[in-house]
Amino acid sequence: MKTEEIQKPCEPLEYMRHGADPTGAYADNLAVSGEWRVYAGEMEIPVYSVPVTHGGPHSFCQILTEQENTALCVTMRCLREVRSARIHTLKGDIPFQIQGNEIRGKVTGRGYLTVEINDKIYAPLTVLIRPPLKDEKYGERNVGPCCGKYSEAQETEQRVRIYKAGIHEVESVELKDNETLYLEPGAVLRAVQPAPDEAPETEEDWAGIPNYADFIRADNRKNIKIIGYGIIDLSGLSWHARRTLRLTGCGNVVLDGPVLIGAAHWTTALFRCENVEVRNLVILGYRQNSDGIDIVNCRNVHVDNCYIRTGDDAICVKSMEAPPVCGGEKILVENCTVWDDKVRGIGIAGESKSDIRDVVFRDCLVLHGLADWAYELGALCITLCDSGTVSDILFENIRILQESACAINCMLYRDRWSTDTEAGHIRGIRFRNIRMPENSPIRIWGYDEEHEVENIRLEQIDNGGEPLWIDRNSYVKNISVSGNETLDKESLERTG
């Protein structure tokens, strides 16, 4: 897709206003960046911008590599004065040179570079270094002009629906068994408002708004894939009209590569799914309830190498259905970068009606956590408002660069989202090799004597050499700390 196919350049102040609107729909939110130009070697790479909740716009571009470990010289030219800069990656900041308003660095392998200038987080740039897809390159098929329709492979075992480079306005897409949705690099799949004769699936949700069939969806399907480095844009939809991508009761699923922007509701929602591989997703959302990845009552899920900045939770495991439905188990989240503008970074949070166990979050980066409006927020969270039990959870090898609430938060509570009559339980949680900002609190709160937080292990927590500041109430048992001094904050018991 050429930049001229996007209608206009980004107006930074206008896009800051869009990002500050928690519910507004803006059909032209994908625009040519007015802040950045990027070059891979001598080749200019198209750069686009979208609104985000704080500051913005957030610019991004994609560099497609031919091999996994390709070495690249990247030049990032800012259209404003550059006095200083930082380039964040999952493995740490990378060296670079500043010449005038150009920032030059060398990168090897897949990943994400987030560039911030002049000691500010406003108007950042993220460079997406994209490896070859593991799946077949469906764009090489001879599909003729049938963009958005089944290819000639539709009669074979794996049917392929292809969107080629360019802008495609679509109401919604429903996937069937053995079907692949492939977004060619340069494709933009843009959601349009529901047609006047489309009946809503929910007449009125908690916000008093109708909900329609989700934009890309599948129910009780097997062997489906949504892959490719195109863009899925829901910026023009009314708030809560459709979730971006929702799979319910599906098995053997691959989600690999798309950039999802402007979600009107949850962005990537998995309900009662098994055997799911989620990799290389990029999510940039600004609206309230634009959760990044929600893994709900699922088993055997692997999330790898995703970049997520949203106006709600970034990556969250939930159990919204009661037993005997599986609450959640055998879930691995790794090599992900998150920027939490409004709620939580990564963890298990909110609705928790059935038990969740055997979940690992590792080798992740929390760039910024900017929300501080409630007790149950933070970078690494297990915060439950229903009666399920969460146990056998590991957070390890995680860096937190900024957090306005708690770096670590284990908390039982009840609020407007609670539907059970009882609180839950948190048991057997391990935090190992966590690097967090100085003076960031760790909150550990049980609910009452029958609903406690138990057996929390804090191992090698690096907060700049300062003692750990642990805020705990009376309903906590067996906190184990190794490799750190501790400073317990006197806390009031919280029973409601």
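A short tour of the structure in this document, coming up. (Residues numbered from 1 in each chain as written. Predicted model: local features only at pLDDT ≥ 70, side-chain atom pairs only at ≥ 80, totals over all residues. Heavy atoms only, no water.)

### Some words on the side chain of asparagine 463
Here asparagine 463 is to be found in the loop between β39 (453-462) and β40 (468-472). At 3.4 Å, the side chain of asparagine 463 and the backbone oxygen of proline 467 are in polar contact. Look past the residues within four positions of asparagine 463 in its chain and what remains in contact with it is Met436, Pro437, Glu438, Asn439, Leu468 and Asn484. (Helix = DSSP H or I, 4+ residues; strand = E, 2+ residues; numbered from the N terminus. Polar contact = N/O pair within 3.5 Å; in protein donor to acceptor, adjacent residues only side chain to side chain. Contact = heavy atoms within 4.5 Å.)

### Let's talk about the pairing of strand β21 (residues 251-256)
Successive residues of a regular strand alternate their side chains across the two faces of the sheet. The buried fraction of β21 amounts to 5 of the 6 residues, a majority that puts the element mostly inside the structure. The pairing of strand β18 (residues 222-227) with β21 spans 5 bridges and is classified as parallel. Bridged to isoleucine 224 within β21 is valine 253. The pairing of β21 with strand β24 (residues 274-279) spans 5 bridges and is parallel. Each residue of the ladder has a partner; that of valine 253, found in β24, is valine 276. (Buried < 20%, exposed > 50% of the residue type's maximum accessible area, 1.4 Å probe, protein only. Pairing = 2+ DSSP bridges.)

### Looking at a nonpolar patch on the surface
Taken together, the side chains of Leu13, Met16 and Tyr122 make up a nonpolar region of the molecular surface, amounting to roughly 310 Å² of accessible area. Assignment of secondary structure puts methionine 16 in helix α1 (residues 12-20). Taking relative accessible area as the criterion, methionine 16 reaches 34% and is therefore assigned partly exposed. (Patch = residues over 30% accessible without salt bridge, like charges linked within 9 Å, V, L, I, M, F, W, Y side chains within 5 Å. Areas by Shrake-Rupley, 256 points an atom, 1.4 Å probe, with all protein chains shown as cover. Salt bridge = Lys/Arg side-chain N within 4 Å of Asp/Glu carboxyl O.)

### Overview of the nonpolar core
The nonpolar side chains of a soluble globular protein tend to be buried, and buried together. By size, the foremost hydrophobic cluster in this structure holds 81 residues, and its most contacted members are Leu380 and Phe431. Sequence-distant contacts of phenylalanine 431, that is, excluding residues within four places in its chain, are made with Leu380, Phe395, Ile408, Cys410, Ile456, Arg457, Leu458, Glu459 and Ile461. The next biggest cluster of nonpolar side chains, apart from the first, holds 23 residues, and it includes Ile45, Leu113, Leu125 and Ile129. (Core = buried A, V, L, I, M, F, W, Y, C linked by side-chain atoms within 4.5 Å.)

### A word on unusual backbone geometry
Residue proline 57 is reached from glycine 56 by a cis peptide bond, and omega for that bond is 0 degrees. Tracing the chain through its elements places proline 57 in the loop between β4 (48-50) and β5 (58-64). Cis rather than trans, the peptide bond between proline 323 and proline 324 has omega equal to 10 degrees. Examined against the element boundaries, proline 324 turns out to sit in the loop between β29 (315-319) and β30 (328-334). Phi at histidine 240 takes a positive value of approximately 70 degrees, unusual for a residue other than glycine. Here histidine 240 shows up in the loop between β19 (231-233) and β20 (245-248). In this structure histidine 240 comes out as buried when scored by relative accessible area, which is 1%. Phi at aspartate 392 takes a positive value of approximately 60 degrees, unusual for a residue other than glycine.

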